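Below are the chains, spelled out letter by letter.
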Amino acid sequence: MRSRPALAAHLRRLLLLSPSAHLIIIRRAMASAAAAQAQPGGAPPATAEYEEVLGRLSSLITQKVRANSANRGNQWDLMEHYVKILELEESIARMKVIHVAGTKGKGSTCTFTESILRSCGFHTGLFTSPHLMDVRERFQLDGVNISEEKFLKYFWWCWNKLKEKTDDDIPMPAYFRFLALLAFKIFSAEQVDVAVLEVGLGGKFDATNVVKAPVVCGISSLGYDHMEILGNTLGEIAGEKAGIFKKGVPAYTAPQPEEAMTALKQRASELGISLQVVDPLEPHHLKDQHLGLHGEHQYINAGLAVALASTWLEKQGHKDTLPLNRTDPLPDHFIRGLSSASLQGRAQIVPDSQVNSEEKDKNCSLVFYLDGAHSPESMEVCGKWFSHVTKDDTRLPSSVEQSHTSMSQKILLFNCMSVRDPMRLLPCLLDASTQNGVHFDLALFVPNQSQHTKLGSNTSAPAEPEQIDLSWQLSLQTVWEKLLQDKGINTTKSSDTSKVFDSLPIAIEWLRRNARENQSTSFQVLVTGSLHLVGDVLRIIKK
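Rules behind the numbers
Residue numbering note: each chain is counted from 1, following its sequence as written. A pLDDT threshold of at least 70 governs which residues receive local features in this predicted model, and a stricter bar of 80 or more applies before side-chain atom pairs are shown or counted, although totals over entire chains, interfaces and linings include all residues. Hydrogens and water molecules were not included; the side-chain quantities draw on all heavy atoms of the structure. Any two strands between which DSSP finds at least two bridges are classified as paired. Strands are runs of DSSP state E lasting at least two residues, helices are runs of H or I lasting at least four, and both sets are numbered from the N terminus onward. Between buried and exposed lies partly exposed: a residue is buried under 20% and exposed over 50% of the maximum accessible area for its type, with that area taken using a 1.4 Å probe on protein chains only. For this count, His and the chain ends are skipped, Lys and Arg are scored as positive, and Asp and Glu as negative. What makes a salt bridge here is a side-chain nitrogen of Lys or Arg within 4 Å of a carboxyl oxygen of Asp or Glu, nothing more. The contact rule is simple, with two residues in contact once any of their heavy atoms fall within 4.5 Å. UniProt positions are given in the numbering used here, feature names are shortened, and annotations may be inferred rather than shown by experiment. Every axis corresponds to a line fitted to the C-alpha atoms, with the helix fit spanning only the stretch in contact, and the corresponding angles, defined between N-to-C directions, vary from 0 to 180 degrees. Take the far helix as the reference: if the near one is turned anticlockwise from it by less than a right angle, the crossing is left-handed, and if turned clockwise, right-handed. Here the nonpolar core consists of buried residues drawn from Ala, Val, Leu, Ile, Met, Phe, Trp, Tyr and Cys, with membership extended through side-chain atoms lying within 4.5 Å.

### Focus on the sheet that holds strand S4 (residues 144-145)
Working step 1: Reading across from one edge, S4-S3-S2-S5-S1-S6-S7-S8 is the order of the eight strands in this open sheet, with mixed pairing throughout. Either end of the sheet is taken by a strand with one partner, and the two such strands are S4 and strand S8 (275-277).
Working step 2: The pairing of strand S1 (residues 97-101) with strand S5 (residues 194-198) spans four bridges and is classified as parallel. Across the sheet, the residue bridging to His99 is Leu197, located in S5.

### Structural notes on the side chain of Asp206
Working step 1: For Asp206, the position within the fold is in the loop between S5 and strand S6 (216-219).
Working step 2: Salt bridges are absent for the buried Asp206, whose nearest opposite-charge side chain, Arg177, sits at 8.2 Å.
Working step 3: Not counting chain neighbours up to four residues away, the residues in contact with Asp206 comprise Trp76, Phe176, Val199, Gly200 and Leu201.

### Details of the UniProt feature "binding site: Mg(2+)" (unreviewed entry) in the chain
Working step 1: As recorded in UniProt, the sites labelled "binding site: Mg(2+)" (unreviewed entry) are Ser129, Glu198 and His226.
Working step 2: Mapped onto the elements of the fold, Ser129 is located in the loop between strand S2 (124-127) and strand S3 (139-141).
Working step 3: Its relative accessible area of 10% is what places Ser129 among the buried residues.
Working step 4: The contacts of Ser129, once residues within four sequence positions are left out, are Arg138, Phe176, Glu198, Gly200 and Arg346.

### Digging into the packing of helix H10 (residues 234-241) against helix H11 (residues 258-271)
Working step 1: Two numbers describe how H10 lies on H11: the axes approach to 8 Å, and their chain directions differ by 35°. Of the two elements, H10 crosses H11, and the hand of that crossing is right-handed. Residues Leu234, Gly235, Ala238 and Gly239 of H10 lie in contact with H11, whose contacting residues are Glu259, Ala260, Ala263 and Leu264.

### Focus: the nonpolar core
Working step 1: Core analysis: the biggest nonpolar cluster contains 48 residues, and Leu57, Phe139, Phe151, Phe178 and Phe187 have the highest contact counts within it.
Working step 2: Counting only elements with at least two residues in this core, the list comes to helix H3 (48-58), helix H4 (78-85), S3, helix H7 (148-165), helix H8 (175-189) and S5.
Working step 3: It is H8 that provides the largest number of residues to this core, a total of ten residues.
Working step 4: Phe151 has contacts with Tyr50, Val53, Leu57, Val135, Arg136, Phe139, Ile146 and Leu182, leaving out every residue within four places of it along the chain.
Working step 5: Counting 35 residues, the second largest nonpolar core, distinct from the first, contains Val278, Leu286, Leu330 and Leu343.

Take a look at the structure:
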């Protein structure tokens, strides 16, 4: 007799092969049930066992900085040992994988791809990184974060087996490697029809690259990021990303700069595979529907996702579900998937409910615009998006009563990791926003609230003032002020155009107080530079 997950997957496949009105009804029912379980943006579970598991995960985080040469992959062969310990060789070999690398847009591409295939009726698994509020965000089944119960079950299964078999020669896997192994266990045990895997870093030496025969590979837009690990030129970076290409496996890429494209084509040629460049999606392909993820750049990611999903469907023998060509509108199930896709922290607009819903302050308006951009190219895209969306009131959530306010203040809330060069990030953001008619009235620089070493569901309280090292944030402020001076924007003292706060909660409270005290002003806050910072802000404003 079939297990319950296997039976569900079997029914989905049968329904897909016989589309009817019943299929639409069932899909809608499944989507409603998934939405009811999802709890998007809610507080993570905080059971004692879950907190214990988060502590175990924290113990796997290496204390080496990411630029350390030991992280580059000279022990990458350990992944094969871990796979054998967990007896996952056959499961991974059978898995129908879509593998995606890239500098920017790979998470969005994976999200679009999974949503398309789920709308086609398939049982999907999605592995992405990083998480913003809860580690379970990295493991999605049918578009929903894995349940706490299942997460705990599969975590302990992997943890106990690895603890039993590892030693000084083969130590416990590092944090991301463990999560990748856990994803393989989850997706194999849950018998997903398709596993969409986002590369964590690079490609060639990434933990997800133990997949030897994916169905199709994709490379999203490439740019300068993680240069301390991947190389100083676009060619070197592209070469690392192309490490996911496999002989006999079709590959697709978004349009790339010439240097990057040359490196990708060279690797594809060495393997004897086709590398196809995918044009961005056009609005008419969607029959006047909007993409679920906002921003013009998402049409690039959506185009790549359509190519990946179409190739997967074709390879699995579902040609009847494919788009007819590249010029006509997409099939309805593709459009449904693209328009319903959602991803936190990417071009996300969140009104501050604490301020905006206070009855005595009905005119208050404080809105956070969240985007985890952290490369020069994505900062430029982020600046354009923020400029356009803040000038277009129709894109604001209906709960924000813009009509009550007569003025707006544009505020930047920023932090980035110290391995990144703010002289490459901040100018791109400032130029893009200025060229699109938006000027920041104020920039706030804060340390991240959470550290990557602390995974607990309860964010730790801010350190005492004397324990806080703000030297990096003060450096960011200096870079910002010099940029303003060089562009002739800052003609006042720096205290009027930027501030450094000891902690994020203090900065948020400062913003809330100002919104309450200045009810005729709409405060529009762009949060960017770090996905960790975006996650920290979400934790605070969604409490």
